[in-house]
Every structure is written in C-alpha cells, then in structure tokens.
Amino acid sequence: MSGRPVGSLDAVRLTYGIVVRQLVTRGRLIALVIVGAAVAVVAGAIGAADEIDDPLEAGVRVIADLGFTALVSIVALVFASAALGDAREDGTLVYLWLRPMHRWPIAVGAWGAAATVSLPLTVVPLAVASSLIDGGGSLTGATVLATVVGVVAYAAIFVLAGLLFKNSIVWGLGYILIWEGIVAAFGDLAARLAIRGYTRSIITAITDVDLELGDLSLAAGIAVPLVAAALALALASRRLAKMDVA
Amino acid sequence: MAGWAPPAAADLPPPAAPATVADAMVEVEHVTKSFGDVVAVSDVTFSVGPGVTALLGPNGAGKSTLFRLMCGLTAPTKGTVRVLGADARSDREVRGRIGLAPQQDALFDRLTASRFVELAGRTHGVADPTAASHRALDHVALSADETKPLGAYSKGMRQRVKLAAALVNEPDVLILDEPLTGLDPVQRNRMIRLFHELGDDGICLLVSSHVLDEVARLGSRVLVIAQGRLAATGDYRDLRNLMDDRPHRIRVTTDSPRPLAAALVDRGLVDGVSVSAAALVVDTTDVDGFGRQIAVIARELGARLTEVEPTDDDLESVFRYLVERR
C-alpha cells in the first residue's frame, strides 16, 4: 500500500515539527540570547541614568532603534532564512518535497516554526527592556505588539528569501541594513516597503512619541505587515512548486 | 522480467529504437535537461516496467539528473517524464507512490533512525507510521530501538536509513541512487537480495550504479547512460560480451619494440600498433590470444618484456566506446 495524500493541516503540523527541531541549535540560541540580553542591559542602563527627562520617549527610541533594528529583524532572519533555506542547501528538502502534500503547508509550517522560535527570543528581552526603562504599561504593550507583528512579517519574508537565494543571510542583512536602515529614510515608497516603518508606527501610535518612519496609523501598522507576510508565504509556496530540488 | 522486452544482443549499442515496454510504470520521452550551457541529459527515451532495472553510467553521466526528473524534483527542458501515468512534479497522489533514496548523504541528523523513518511514513500519509517504520528498518537490518542520532551513524548505516525511509510507504516505484555505496559486503548482499524480492513483488525498482560488477548482481536489465545520453539498453550479459569483444588497447614495455611489433602484426594478433623508443601500444580484439602469445613471441625474439598493461580496461572506456559507436 502506497502513501496517501496528506491533509493540509497535518502537513503544516508535520513540517512545523521537523523544521523546529532542525532550527533550534545550541549555537544559535546562545548567540541570540546574548544579543537579546545586551539590548535589555542597554535599556536598563538608560533607565538608570539620571539625565533622562522623559523615560517613555527614551524607552521608545531604544526599543525602536535597537530592539526592532538589531534584535527583531536579525533573530527572524537567522531562523526564517534557515527554515527551508538550510534544507534546500543540504539536500534534506527532498524529504518534505517529494511527499503527497501541497506546497503551501510546507511554507506555512516552516514560517510557523521560525516565528515560534523567534518570538520568545525577541518578545521577552524587549518586554524586559521596556520595563527596565520604566516607560509605563503602554510602552511594554506597544513593544510586545510591534515585536509580534515584526516577527510575523520578517519570518515570512525571510522564509521566502531562504528559498530564493543561496546566501539568504547576506541578502537578508542587505535588506535590513541597507534598505531598511538607509534607503527607507530617503523616500516614501522605500519606507512603505520596510517592515521597520510599520513596527515603529505601532509603537508611535500607542505611545504618542514621534519617530521617524513611524507616521502610519495603528491599523496600517498591524495590517500591512500581515498582508506582506501572507504575500511572502504565497510566493514561497509558488517557489516551492516551481523550484529545482537537489 | 515482467514488462521488459530485452533486445537481441546485437541491439545493445546503440539503442536501435526507443527502449519502451508495454506495461510501463516510468516513461521518459525525448527528455533533455540543461543547466545553463551544460546539457546534463540529452534526448533520452525509455520506459521501465515492474522489476529491477539498473541505470549504469560513470559519475557525472546524468543518472542522478534522470532520477530527479522522474521524481519531479526538476523539470525537463524538453520532453516529458511520466511516473504511473502522471507528472510527479504536479501530481500529489503520485508522489505518495514513489520512494526515493537520493544520492546525497543529508538526513535530519538529530533524529534517531526510527523517528526519521516514522516521519517519512507520516509525511507519506501512511496509516500506521510507527509499525511501517519498524518494518522498513527491519528490511535494512537496522534496529528500531537504536537511540543514537543519525549524525553519529556511519556512511553505510545512513545508506540503509535512506533506503528504509524510501520503503516506508511501500512504493510502487522505488528509485535508489547509488544505494550500495558505503555498504560492507554482507550488507551489500542483503540489499541486493532485498532488491530482487521487491522486484519480484512487482515494484518498479530503478537502481543506479557506476560499478559494473554491482550491476551484474542487480539483474539483467540495464540502461547505460554516458555523457547524458542513453548509450545502450538491454541485457547485462550482452554488455559484458560487448566489453570482451570491443577493441582493447594494451601497452607493452620492452627493449625491442620494433621487432616485437612486426611479429605481432605478422601473426594477426593486433589490429593496430604504434611504436616508441621503449614501448609499443597495440589495439586488439583478441585479448586472450594476445595474452597467450606475447610472452612466447618475446622469447623467440630474445626481447625482454618489462610490462604488459591494458590502458583502457575500465568502465569509463567502455562507456566511451558505446558513445562513440552511436
């Protein structure tokens, strides 16, 4: 008796389980916990400084400039680009691809795995950082919401990058550092194509602290990254269907 | 032998007509696959029915690319590939009826063998994946109770795990890319027996190898792939005969190359000869006669033989010969 087509939810669950197991390595966890702890320590130092007039504004700037740029995007990049990218490069993708499963559950399962692993490594240190700065409940709430939205979007985009590019980490860093860090500051269209603008908008909308690139509504700050994630996953599914597998 | 129509010995190289069978389970029609400027597979046509079929060819001949095409892992540049009447690239149901043990060594190294094979069963939609994984591991003589992660397995054990994962869904078409590499002789024998049993059960089993002696033991049906083309198809024994019948090139190192060359030509033992200062290279189709006579002739001439060595007695040269004959 040969295998039977696998239901889509089962396929998501199976892919999720396999990818989570492959993603969580001691080296990755240690490195990214250290980065998260460093952000929390910097926030704590700022919170303890006497010369801070407005802890909320200081907190928003630390979370937005350091947390979203250096932590959320990088953590999501490390895990999401590896979610299917590693399997594609080492040849184990065949053990998911040559199966009686649709393609989209593989993309969704891998994205879910990357997001699941990334969330605790980003939400916890940034929530700790926001409370160490003593910016109040709104800062912590805004931080958690923006971080979750950021991880969801970045993870989907970098899962796609892992399927598209051989050195997806390098491409991802290029996007984070050059596009989001530099290009987005010079034009509206470029800014609209940067996830960072939406996470900053969420924190700005909730805390009322003005930030560069943070001029969108709360609804747009949440909805657009989710739409971007869905689009990235659709493209990842299509890429899985069309790509060559080693 | 069901489903296979072995051509006459003389048909072996080149394939006079597409090597097709009546009850084909795998059909490859005029398939070409290019990677940029590199043509990996060139206008290949054949079909394969139930039983064991060996895909023989040197490394880089295009065997793995053909297997990838069959499994839908890559799309042909031209032509069509159908497995069980469908394209595995787009047909989900057919993918569940294929088992593949790929050539590359990569596995989920942190899993145990039983977990890996069980997961293969689950992702294949097998009803009882745990029981199926135990059966598959038993087939390849691995214990389901082994707690060691796959990363700690030897090359041979990893090969057997790949094979078990390919078997777990009890596929109708089983594709094994160099499955005997890294196995010790005992395991090799066991696997070959298993392949024959599976073939006898009606599975379409395709096994690739670049080792002629392995193919001899895998079965009599052979597809010879060389330089991306189907160089020959047919019965293994015909290929063996062809190897013996083809011209052989032999280098003879001696202190009297010219007299020795003249004597070999006079006695009709060689088809061609080239002479240098301390050696001659001969082409002969009568290897046995040459081997019996060379020492006798040298003694008669008072020539001293330092070395008599075939320069083309390897599989590569056989493939080259087959390709050149096309």
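Report follows, based on the coordinates.

Scoring rules and cut-offs
- Residues numbered from 1 in each chain as written.
- Chains lettered and ligands numbered in written order.
- Predicted model: local features only at pLDDT ≥ 70, side-chain atom pairs only at ≥ 80, totals over all residues.
- Helix = DSSP H or I, 4+ residues; strand = E, 2+ residues; numbered from the N terminus.
- Buried ≥ 20, exposed ≤ 12 C-beta atoms within 10 Å, placed from the backbone.
- Contact = placed C-beta atoms within 7 Å.
- Axes fitted to C-alpha atoms, helices over the stretch in contact; angles between N-to-C directions.
- Parallel < 35°, antiparallel > 145°, perpendicular 65-115°, else oblique.
- Left-handed = near helix turned anticlockwise from the far one by under 90°.
- Nonpolar A, V, L, I, M, F, W, Y, C, P; charged D, E, K, R; others polar.
- Pairing = 2+ DSSP bridges.
- Expected span 1.5 Å × (residues − 1).
- Core = buried A, V, L, I, M, F, W, Y, C linked by C-beta atoms within 7 Å.
- Bend = angle between axes of the 7 residues up to and from the residue.

## Things to note about the overall build of chain A
Inference 1: Secondary structure summary: chain A contains 10 helices and 0 strands in total.
Inference 2: Judged by the C-alpha coordinates and their principal axes, chain A covers about 70 × 40 × 30 Å.
Inference 3: Counting the 246 residues in chain A, one finds 51% classified as buried.
Inference 4: Counted over contacts in chain A with a minimum sequence separation of 6, partners at least 24 positions apart contribute 80%.

## Quick look at the packing of helix H6 (residues 137–164) of chain A against helix H9 (residues 195–207) of chain A
Axes are the key here: two packed helices are described by the angle between their axes and the distance separating the axes.
All names here are of chain A.
Inference 1: Remark: H6 packs on H9, axes separated minimally by 9 Å, with the N-to-C direction vectors making an angle of 160°. By the angle class used here, H6 and H9 are roughly antiparallel. Handedness of the H6/H9 crossing: right-handed. Of the residues in H9, those touching H6 at Ser138, Leu139, Gly141, Ala142, Thr143, Leu145, Ala146, Val149, Gly150, Ala153 and Tyr154 are Ile195, Tyr198, Thr199, Ile202, Ile203, Ile206 and Thr207.
Inference 2: Residues that form the contact of H6 with H9 fall into these classes: 12 nonpolar, 6 polar and no charged.

## Thoughts on the interface of chain B and chain A
Inference 1: Between chain B and chain A, the contact holds 27 residues from the first and 24 residues from the second.
Inference 2: Broken down by secondary-structure element, the contributors of at least two residues to the side of chain B that touches chain A are helix H2 (92–95), strand E5 (98–101) and helix H3 (113–123) of chain B.
Inference 3: Looking at the side of chain B that touches chain A, the element that brings in the most residues is H3 of chain B, giving 4 residues.
Inference 4: The class makeup of the residues in the side of chain B that touches chain A is 12 nonpolar, 7 polar and 8 charged.

## Focus on unusual backbone geometry
Generally, phi is negative for residues other than glycine and the peptide bonds are trans, each holding for most cases.
All names here are of chain B.
Inference 1: For Leu84, which is not glycine, the phi dihedral falls at a positive 55°.
Inference 2: Locating Leu84 in the fold gives a position in the loop between strand E4 (78–83) and H2.
Inference 3: Of note, the phi angle at Glu178 is positive, near 50°, even though the residue is not glycine.
Inference 4: Note on placement: Glu178 falls in the loop between strand E6 (173–176) and helix H6 (185–200).

## Topic: the pairing of strand E2 (residues 38–48) of chain B
All names here are of chain B.
Inference 1: Where strand E1 (residues 26–35) lies against E2, 7 bridges are found, and the strand directions are antiparallel. Bridge assignment links Ser34 to a residue of E2, and that residue is Val39.
Inference 2: The turn linking E1 back onto E2 is made up of 2 residues, and Gly36 within it adopts a positive phi angle of 65°.

## Digging into H9 of chain A
All names here are of chain A.
Inference 1: Here H9 spans 19 Å end to end across 13 residues, near enough to the 18 Å set by a 1.5 Å rise per residue.
Inference 2: Where burial is concerned, most of H9 is hidden: 12 out of the 13 residues are buried.
Inference 3: Where H9 is concerned, the buried positions are Ile195, Arg196, Gly197, Tyr198, Thr199, Arg200, Ser201, Ile202, Ile203, Thr204, Ala205 and Thr207.
Inference 4: On its buried side, H9 packs onto helix H3 (55–90), H6, helix H7 (168–180), helix H8 (188–192) and helix H10 (218–242).
Inference 5: Within two residues after H9, Asp208 carries a phi angle of roughly 65°, on the positive side.

## Quick word on the environment of Ala262 of chain B
Residue and element names in this part refer to chain B.
Inference 1: Here Ala262 lies in helix H9 (residues 257–266).
Inference 2: Ala262 sits in the partly exposed class, given 15 other C-beta atoms within 10 Å.
Inference 3: Each C-alpha atom of the pair Ala262 and Ala216 lies 39 Å from the other, and the pair is 46 residues apart in sequence.

## Focus: the sheet that holds strand E9 (residues 229–235) of chain B
All names here are of chain B.
Inference 1: In spatial order, the strands read E5-E6-E7-E3-E8-E9; together these 6 strands make up an open sheet with mixed pairing. For this open sheet the edge positions go to E5 and E9, each flanked by a neighbour on one side alone. Direction aside, the axes of adjacent strands within the sheet are offset by 15° on average.
Inference 2: Taken strand by strand, helix H1 (residues 63–71) contacts strand E3 (51–56), E5, E6, strand E7 (204–209) and strand E8 (221–226), and its axis lies near 150° from that of E6.

## Here's the deal with the nonpolar core
Inference 1: Formed by 161 residues in total, the largest nonpolar core has its most connected members in Ala83, Ala114, Ala155 and Val159 of chain A.
Inference 2: Other than its neighbours up to four places away in sequence, Val159 of chain A contacts Ala80, Ala83, Leu84, Ala107, Ala110, Trp111, Ala114 and Ala236 of chain A.
Inference 3: Ranked by size, the runner-up nonpolar core spans 14 residues in total, among them Leu260, Val270, Phe290 and Ile294 of chain B.

## Looking at the environment of Phe35 of chain B
All names here are of chain B.
Inference 1: Topologically, Phe35 is positioned in strand E1.
Inference 2: Here Phe35 falls in the exposed class, since 12 other C-beta atoms lie within 10 Å of it.
Inference 3: Taking C-alpha positions, Phe35 is 8.9 Å from Thr77, a pair spaced 42 residues apart along the chain.

## Section: helix H10 (residues 287–301) of chain B
Residue and element names in this part refer to chain B.
Inference 1: With 15 residues, H10 extends 21 Å from end C-alpha to end C-alpha; this agrees with the ideal 21 Å at 1.5 Å per step.
Inference 2: Approximately 35° is the largest bend angle found in H10, and it occurs at Gln293.
Inference 3: Against the buried residues of H10 lie strand E10 (248–254), H9, strand E12 (279–284) and strand E13 (305–310).

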